[in-house]
Amino acid sequence: MTSHRLLDIFRAGRTAVAGWISLDSAYAAELAGCSGFDAVVIDCQHGMAGHAQMLAMLQALSHTPAVPLVRVSQNNLAEINRALDAGAWGVICPLVNTAAEALAFGRACRYPLDGAAGDRSFGPARGLLVGGADYPQQANAAILALAMIETQAGLDAVDAIAAVPQIDGLFIGPSDLGIALGLGPGASHEHPVLATAIRRIQQACAAAGKVAGIWCGSAEMARAMQAQGFQLVVPGHDAIWLKAEIARRLAVLRAAG
Ligand code: 3PY
Ligand code: MG
């Protein structure tokens, strides 16, 4: 396994669209994986899944075309290694504030093989199943390490974070970033203060040759960010989709009396 769909999309200069699963459900992950997304993120920070559910969700995603990613709950070597050993092809790490934190995160995703600077402990478990016998040799190049920028400190250090060699890209958390910038919860990406910060992070990615990704609350925001040049967009998560469709159906029925 030297490549996967996400890497191919990034190399081709296109935008990948990822699903985001907050339910602790292998079936929900499987549904998303079979629905046309390029990748599916299992959210172990704000989502409901613990390790056992995450494993089942990664197993469910294995028979879909979507590349499985995990957002870990924190920047922790053991947690990051467990997600990778369970078969994730990439990790999204929340709340990265400094270049040193970014380095620790990036190193957690890399084996200290062939001169690489990494701290990943060896025990690829499902990695060997999803990647094949040469997984240990290929993992450092194929695994994606995406550092979330979603604090004032992270924004201030964005160029240094983007420059960390073990980091493949930055992923913006607009909700936390909006709060950090004093805009309160639910700020629009069109608010000039947030829009400026988003462009700033995107510029840091471009300057460092790294992938720029962003979480979006809606398909409309994801479309706008795609048009703005982001390489990875996420049009909301499963709980949002479920609630919206329930509300739409109930409205149809209630309106009919
Ligand atoms: C944020 O917007 O802060 C996120 O972390 C998205 O999940
Ligand atoms: Mg966040």
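Data block above holds the structure.
Every value quoted in this text rests on a predicted model; they were computed, and no experiment measured them.

Reading guide: rules and limits
Residues numbered from 1 in each chain as written. Chains lettered and ligands numbered in written order. Predicted model: local features only at pLDDT ≥ 70, side-chain atom pairs only at ≥ 80, totals over all residues. Heavy atoms only, no water. Helix = DSSP H or I, 4+ residues; strand = E, 2+ residues; numbered from the N terminus. Rg over C-alpha atoms; globule rule 2.2 N^0.38 Å. Buried < 20%, exposed > 50% of the residue type's maximum accessible area, 1.4 Å probe, protein only. Contact = heavy atoms within 4.5 Å. Pairing = 2+ DSSP bridges. Donors = N, O, S within 2.8 Å, 3.2 Å for Na, K, Ca; no water. Salt bridge = Lys/Arg side-chain N within 4 Å of Asp/Glu carboxyl O.

Chemist: Lay out the overall build of the protein with the relevant residues and their values.
Modeler: Counting secondary structure elements, the protein contains 13 helices and 8 strands. Taking 18 Å as the expected radius of gyration for a compact globule of 257 residues, we find that the protein reaches 18 Å, a close match to that expectation. Dimensions of the protein, computed from C-alpha atoms along their principal axes, come out at roughly 65 × 40 × 30 Å. When burial is assessed residue by residue, the protein has 49% of its 257 residues classed as buried. Expressed as a percentage of contacts within the protein between residues at least 6 apart in sequence, the contacts between residues at least 24 apart total 62%.

Chemist: Break down the pairing of strand β7 (residues 211-216) for me, with residues and values.
Modeler: Taking burial as the measure, the 6 residues of β7 include 6 buried ones, the bulk of the element. What you see with β7 is no split at all: V211, G213 and W215 on one side and A212, I214 and C216 on the other are buried throughout. Strand direction decides the pairing type here: strand β6 (residues 169-172) and β7, joined by 4 bridges, are parallel. Paired with I172 across the strands is I214, a residue of β7. With 4 bridges joining them, β7 and strand β8 (residues 232-235) adopt parallel strand pairing.

Chemist: Which residues make up the coordination of the magnesium ion (ligand 2), and what values do they have?
Modeler: Ligation of the magnesium ion (ligand 2) by protein atoms is provided by E150 (OE) and D176 (OD), these donors lying 2.1 Å from the ion. Placement of the pair is E150 in the loop between β5 (144-149) and α8 (152-156) and D176 in helix α10 (residues 174-180), with a sequence separation of 26 residues. Classification of E150 by relative accessible area gives buried; the value is 3%.

Chemist: So what's going on with the pattern of salt bridges? Residues and values would help.
Modeler: With the rule as written, the count across this model stands at 8 salt bridges. Here D38 ties to R5 by a salt bridge, and the two come within 2.8 Å at their closest N and O atoms. Here D38, found in the loop between α2 (26-33) and β2 (39-43), pairs with R5, found in helix α1 (residues 5-11); they are 33 residues apart in sequence, far enough to count as distant. Overall, the relative accessible area of 11% leaves D38 in the buried class. According to the relative accessible area criterion, R5 is partly exposed, its value standing at 31%. R110 is the salt-bridge partner of D168, the closest N and O atoms lying 2.7 Å from each other. Of the two residues, D168 is situated in the loop between α9 (158-163) and β6 and R110 in the loop between α5 (99-108) and α6 (126-131); the sequence distance between them amounts to 58 residues. Taken together, the salt bridges that share partners define one network made up of E245, R248 and R249.

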